[in-house]
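Take a look at the letters that make up each chain.
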Amino acid sequence: MNLKKWIFIAILLTILYYTFVVNFVITLSIIATLYVAFRLYKFNTRRKLNKLSASKELFQESELGLFIALVAKVAKADGRVQELEAQLIGMMFDDIAKVFDEKEKTRAIMKEIFNEEKEKDGDTKEIAQALNKLLGRSILKRKQFVTFLIQLAFVDNGISSDEEKVLREITKELNISDAQYDTIINNFENRMKNKQQTMTPKEAYEILGVKESDDMNTIKKTYRKLIRQYHPDIISSQDKGESYMEEATAKTQEINQAYQVIKDEKK
């Protein structure tokens, strides 16, 4: 084999080495570095969160504490917290508490903040302003929080005029424009249209996956299980698309409607 062929082979092997071996090692190094950075970010985020459960005062002044206060304002806007609203709020407490080390303590703090705020009047604007400052320039978080508040109002057969007033006040202070708010509302309404038609008992039993011969205790257990399975999750929503809350709310409302139809039939 002449010298030119040896040189050609040497160059080819060098190219292949740098293309497949060196680049592969570099790629693995980059992936490993990104993974470590991500884990450190998650660790620091969780550490900061866990500091909040040290006291009610700390939690109350945080994004989550202020958000829970606004949840209380929306839930109580029409005079009382409806049964399904109460269930969803309880599940929200469970969802948030899962990311804390002291889960029961954190849940108790959130419940205390909620109960205190639902009895207060006239401070919704100030709470929304405080949350707006903490959110900085994050448009996504603002929309997630507002969408959750809207779904909470929607879930008990639509938004009342009192709920609408509170939601408008909150969204204004969170720098959500009227056009953005109306878009979110329209998206919810469009998803609900198919659910608002009259539901037959047969359809209701199929939706809940129960039999007509089942007693109400069995049906109620299934209903609560389905609500827990499909309820809108404020934590999960941060990793999902904008339609997540709308779909979850539509499904929750459908399950609730089916349960009401069966309850009325069995009276």
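Residues numbered from 1 in each chain as written. Predicted model: local features only at pLDDT ≥ 70, side-chain atom pairs only at ≥ 80, totals over all residues. Heavy atoms only, no water.

J.: Looking at this structure, how should I read the packing of aromatic side chains?
T.: The geometry of an aromatic ring pair is captured by the separation of the ring centres together with the interplanar angle, meaning the angle of the planes. Enumeration over the complete set of coordinates arrives at 5 aromatic pairs. On the basis of an interplanar angle of 75° and a centroid distance of 6.1 Å, the ring pair of Phe 93 and Phe 114 is categorised as edge-to-face. Separated by 21 residues along the polypeptide, Phe 93 in helix H4 (residues 83–97) and Phe 114 in helix H5 (residues 103–118) bring together distant segments of the chain. What links up through ring pairs into an aromatic cluster is the set Phe 67, Phe 145 and Phe 148. (Phe/Tyr/Trp six-rings, centres within 6.5 Å; stacked < 30°, edge-to-face > 60°. Helix = DSSP H or I, 4+ residues; strand = E, 2+ residues; numbered from the N terminus.)

J.: What am I meant to see in the packing of helix H7 (residues 139–154) against helix H8 (residues 161–173) here?
T.: Helix packing geometry: the angle between the two helix axes and the distance between the axes. Where H7 meets H8, the axes come as close as 11 Å, and the angle between the chain directions of the two elements is 180°. Compared by their axis directions, H7 and H8 come out roughly antiparallel. Contacts from Val 146, Leu 149, Ile 150 and Ala 153 in H7 reach Glu 163, Leu 167, Ile 170 and Thr 171 in H8. Residues of the contact of H7 with H8, tallied by class, amount to 6 nonpolar, 1 polar and 1 charged. (Axes fitted to C-alpha atoms, helices over the stretch in contact; angles between N-to-C directions. Parallel < 35°, antiparallel > 145°, perpendicular 65-115°, else oblique. Contact = heavy atoms within 4.5 Å. Nonpolar A, V, L, I, M, F, W, Y, C, P; charged D, E, K, R; others polar.)

J.: Got a minute to help me understand unusual backbone geometry in this structure?
T.: In terms of backbone geometry, most residues other than glycine have negative phi values and most peptide bonds are trans. With a phi angle near 60°, Asn 175 is a residue other than glycine that sits in the positive phi range. Along the chain, Asn 175 turns up in the loop between H8 and helix H9 (178–192).

J.: Would you mind going over the environment of Ala 97 with me for this structure?
T.: Within the fold, Ala 97 resides in helix H4. Separated by 44 residues in sequence, Ala 97 and Ser 53 place their C-alpha atoms 9.8 Å apart. Excluding anything up to four places from it in sequence, Ala 97 contacts Lys 103, Arg 107 and Met 110.

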